[in-house]
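In case you want the letters, here they are:
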Amino acid sequence: MKTKIQQLEEIIKQASSQEELAEIERVIRNTSGKGIGYGGKVFGEIQNVINDTGGKAGALIRVLQQAQGLVGYLPTPVIATIARDLKVPLSEVYGIISFYHFFSMKPKGKYVVQVCMGTSCYVKGGDKIMEALKRDWQLEPGGITSDGRFSLEIVRCIGACGLSPVIAIGTDIHGRVKPSKVSDILDTYD
Ligand code: FES
């Protein structure tokens, strides 16, 4: 059984450009010795998914979906593994991931907080809500709280302008949110 680092070293050897190499090395440097939040078992499960598809490049989206389901997001070593085994250029895999909004290369919290910054919400204080989240929860767009409870995304008009300013937490919509009440709202999620 290969260790995570051995697996990553193999990926590095097969990286096809200096940019890919630099990105993968950066991930390894940041994670080396600390574990990478998922282990050989997950790599093994992803490998099973790839094997089930017969390693066909056309299975890329399905494999990415299942890998994200296993890990929670798509870290670079996972992406590199999939690209290698399906024989698809890394640039193409990144293109697919950035095209489909449901793919994420960043970990998401147990609850995803979406702050609407559409015109109506913005003029009614969406930016103040963002300030409150940064001040009280150290949350910035794309970020996640240290306990993994919340991550933050910016969205543009979620179709509830009459309730501006609006935030969504998971599938719940909260309207006419006062910045001073943001913490109280988040505290109802555990
Ligand atoms: S602008 Fe925020 S819901 Fe429409």
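Because the structure is a prediction, the values reported are computed rather than measured.

Chemist: What am I meant to see in the overall build of the protein here?
Modeler: A tally of helices and strands in the protein yields eight helices and four strands. Secondary structure of the protein in N-to-C order comes out as α-α-α-α-α-α-β-α-β-β-β-α. With 190 residues in all, the protein has 43% of them scored as buried. Across the protein, every contact between residues at least 6 apart in sequence was considered, and the portion connecting residues at least 24 apart equals 62%. Here the protein displays about 10,600 Å² of accessible surface, and carbon together with sulfur accounts for 53% of that area.

Chemist: Please explain the sheet that holds strand 3 (residues 167-169) as it appears in this structure.
Modeler: Spatially, the four strands line up as an open sheet ordered 2-1-3-4, and their pairing is mixed. Since the sheet does not close on itself, it has two edges, and those belong to strand 2 (150-155) and strand 4 (172-174), each with one partner. In this sheet, neighbouring strand axes are inclined to one another by 20 degrees on average, regardless of whether the strands run parallel or antiparallel. Here strand 3 pairs with strand 4 via three bridges, running antiparallel. What sits directly across from Ile 169, in strand 4, is Asp 172. On the sheet, helix 7 (residues 119-137) packs against strand 1 (111-116), strand 2 and strand 3 and is oriented at approximately 145 degrees with respect to strand 1.

Definitions and limits used
Each chain carries its own residue numbering, running from 1 in the direction its sequence is written. Thresholds applied to this predicted model are a pLDDT of at least 70 for local features of residues and 80 or more for the giving and counting of side-chain atom pairs; totals over whole chains, interfaces and linings are not thresholded and use all residues. Hydrogens and water are ignored here; the side-chain numbers use all heavy atoms of the structure. Helix and strand assignments come from DSSP, with helices taken as H or I runs of at least 4 residues and strands as E runs of at least 2, each series counted from the N terminus. Only protein chains enter the accessibility calculation, which uses a 1.4 Å probe; a residue is then buried when its area is under 20% of its type maximum, exposed when over 50%, and partly exposed in between. Contacts were defined at the residue level, with two residues in contact if any of their heavy atoms lie within 4.5 Å. A 1.4 Å probe and the Shrake-Rupley method give the accessible areas. Residues count as covered only by the protein chains that appear here. Strand pairing is defined by DSSP finding a minimum of two bridges between the two strands. Lines fitted to C-alpha atoms define the axes, with helix axes restricted to the stretch in contact, and inter-axis angles between N-to-C directions lie between 0 and 180 degrees.

Everything listed here is a matter of coordinates, which is why it stays silent on function.
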